[in-house]
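A look at the structure
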Amino acid sequence: MTSPNTLLDIEELPDVGITLSDGCRLSARIWRPKNAGTAPVPAILEYLPYRKRDGTCARDALTHPYMAKRGYACIRVDIRGNGDSQGLMEDEYTQQELDDAVEVIHWLAAQDWCSGSVGMMGISWGGFNALQVAALQPDPLKAVVSLCSTADRYADDIHYKGGCLLNENLGWGATMWSFSSRAPDPALVGDAWREMWMERLENEPFLPTVWLRHQTRDTYWQHGSICEDFSAIRTPVLTFSGWGDSYMNTVPLLVENLSVPTKGINGPWIHKYPHFAIPGPRIGFLQEALRWWDRWLKGIENGAEDDPDYRAYVMDGVAPERRSEHREGRWIVETEGATSHLPTETWHLSNHGLGPEGPLDRQINTPLHCGMECGEYGSFWAGPELPGDQRMDDALSCCCDSDPLEADLDIVGAPRIRLSLTSDKQQAQIAVRLNHVLPDGTSSRITYGVLNLTHRDSHSDPTPLKPGESYDITLDLDHIAYRVPKGHRLRVAVSTSYWPMIWPSPERPTLALTQGQIDLPMRPAGSNDEWTFPPADADEPWKITVLKDSSNTRRTEIDHATGEVRLIIEDDNGRTIDDDHGLMTASVARETWVIHPDDPLSARGTCHWTDEMGRGDWNIRTETHCEMWADHADFHLKASLFAYENDTLVYKRDLSDKIPRTEM
């Protein structure tokens, strides 16, 4: 069902100033019906740092005009210190950021073209702060649409997972080091652009040094984690994510913990909006969102609150693809709740494989390059980022295989691993993968989980292992919906490293497994879709002139002289000119991850971003570099920022830091 609204003529305002109580001007781009001044409409806010002028234009063009033509004012605001907004950004999800958002919401509700009702929508950063702002309960905020977001900033974001340090902590820190040091557009801010740019360059924090100072789940991470008090959210929530992303766990978590009307949808997608994401099938996300807004911002009785609580796409098991355009499968629905009510079946790890209970006596001492086929923590750039053939990683791991399945098996939910083990070191980590083994031996990763064993009882108060002492470990793998076909096998693979997904422990441990089981959430295998979404729809694409196409490369190298293994990544986002305002933008991101299979202290990550923008004879460029390594006691970081105006160096800053390891 879609909104009955007739399509309206709209206007776009590229730079509307919202002046906050402290005098800081935020820049907003607004799409709204031309008659909103005489027929006020609800407002939909998307609020994030990723630059509305040149960073999110492609998705904005597809999304915001669509909603505006159907009776909404859509507002894209650059948060403080980013894009064309004034001020400085200190960190992600600060209280300042959230307080600013509340001010913006009240400003919107007070405009004569706004009906007084406001919704908040966003993906990733914008999805995070939509939930966080909802927990602050600003009165005009009536509903939220949150995509690819988290309820727990420590356990389920890009920093730490299972108490292990994610290398995405450095990778995304490098990205923000680049994004937020870029200049505003002189066409909007005038001659102030250079002063604003210099102020950013001088003050932009290198965030990995901030995040690494919080290696346990302390008050820093509790701030902004809505799981601290789910009851604080009193506005209806529609939430989405995808199996190719890193935030799939949030959707069932919100469905099962929020007391307000909450609907969740998990599809096959990577970290993109579902109306243009891959792998397909894409869905009519805009129609789903419009239905939500019509119900809660306009009060239209369209039955949105009666939709199933949880809709998920069960992917057919296939051979791994590093980049996938489409996944076969089917849509399922759970009317009430998400997956916690589904039955589980227990399979045992034994010396004979995966199945009935039996003796288990296995030693694990994994070479440190195990994990090179893990893919990206979350596929953001649509390159060759999905998990590859797991056979190489499986060969370096402790594996237990099932017999060929006698019938199709649909796994829907979060498998739970229980292990009894001992360690010969005070620190150790485990990575557990549930894999699908095809008849030809190809191995596809279904889902996985990692755990820093010093965090076995608490992420807030880790404690060292006692060598030789037996511990009972419980670990939930990520949520998934996946069909393993009849005649294929299941495999549980356990390793003590998972590079370059997570940073290794300071010593290479040996674990002894003495008992293990996996509880698989099961759902009857059907053959037909249980839900049909409207087809993907969108407004007109962003109008640009492409000067250079984008490209993505990812390759593994082995240095046979030193034994080091390298993963080299380059994401070239191309070079384009906006056909409307003429701004040229280009960027390239490069990462290298190096480790020796025998030496955890050889681990090293480097990142290098190049960003350019220009118009006519004006051109500016930033080059940002960073590097991280560790010894037994400390993490070490270096970072540099270079800024050029028409190829002349106008600013340079270097920093270095040493941060003690905390059972990490």
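Reading guide: rules and limits
- Residues numbered from 1 in each chain as written.
- Predicted model: local features only at pLDDT ≥ 70, side-chain atom pairs only at ≥ 80, totals over all residues.
- Heavy atoms only, no water.
- Disulfide = S-S within 2.5 Å.
- Buried < 20%, exposed > 50% of the residue type's maximum accessible area, 1.4 Å probe, protein only.
- Axes fitted to C-alpha atoms, helices over the stretch in contact; angles between N-to-C directions.
- Helix = DSSP H or I, 4+ residues; strand = E, 2+ residues; numbered from the N terminus.
- Parallel < 35°, antiparallel > 145°, perpendicular 65-115°, else oblique.
- Left-handed = near helix turned anticlockwise from the far one by under 90°.
- Contact = heavy atoms within 4.5 Å.
- Pairing = 2+ DSSP bridges.
- Salt bridge = Lys/Arg side-chain N within 4 Å of Asp/Glu carboxyl O.

Observations concerning the state of the cysteines
Applying the stated criterion to the full structure yields zero disulfides. Free cysteine: C57, not disulfide-bonded; nearest cysteine sulfur from C74 at 15 Å. Residue classification places C57 among the buried positions, given a relative accessible area of 2%. Left without a disulfide partner, C114 is nearest to the cysteine sulfur of C74, which lies 11 Å away.

Topic: the packing of helix 1 (residues 57-68) against helix 10 (residues 285-297)
To characterise two packed helices, one gives the angle between the axes of the helices and the distance between these axes. In contact at an axis separation of 11 Å, helix 1 and helix 10 are set at 40° when each is read in the N-to-C sense. The angle between helix 1 and helix 10 places the two elements in the oblique class. Note that helix 1 runs across helix 10; the crossing there is right-handed. Contact residues: L62, T63, Y66 and M67 in helix 1; L286, Q287, A289, L290 and W293 in helix 10.

As for the sheet that holds strand 19 (residues 429-437)
What the four strands build is an open sheet, ordered 16-23-19-20; its pairing is antiparallel. Of all the strands in the sheet, the pair left with one neighbour each is strand 16 (398-401) and strand 20 (443-452). Taking each pair of neighbouring strands and ignoring which way they run, the sheet shows an average axis angle of 15°. The sheet contact formed by strand 19 and strand 23 (residues 489-495) spans seven bridges and is antiparallel. Within strand 23, the position partnered with R433 by the bridge is A493.

Notes on the pairing of strand 13 (residues 344-350)
Note that strand 13 and strand 24 (residues 511-523) share six bridges and pair antiparallel. Counted as the bridge partner of W347 is I518 from strand 24. Pairing of strand 13 with strand 14 (residues 353-355) involves three bridges; the strand directions are antiparallel. If you follow H348 over to strand 14, its bridge partner there is G355. Between strand 13 and strand 14, which follow one another and run antiparallel, lie two residues.

Observations concerning the pattern of salt bridges
Scanning the model with the defined rule gives 52 salt bridges in all. Of the charged contacts, one joins D394 and R433 as a salt bridge, the two residues approaching to 4.0 Å between their closest N and O atoms. Here D394 is found in helix 11 (residues 391-395), whereas its partner R433 is found in strand 19, with 39 residues between them in sequence. Of the two residues, D394 and R433, neither departs from the other in class, the shared state being buried. A salt bridge links D598 to R508, with the shortest nitrogen-to-oxygen separation between them at 3.0 Å. A residue pair is termed long-range when its members are at least 10 positions apart, and D598 in the loop between strand 28 (584-596) and strand 29 (599-615) and R508 in the loop between strand 23 and strand 24 qualify at 90 residues.

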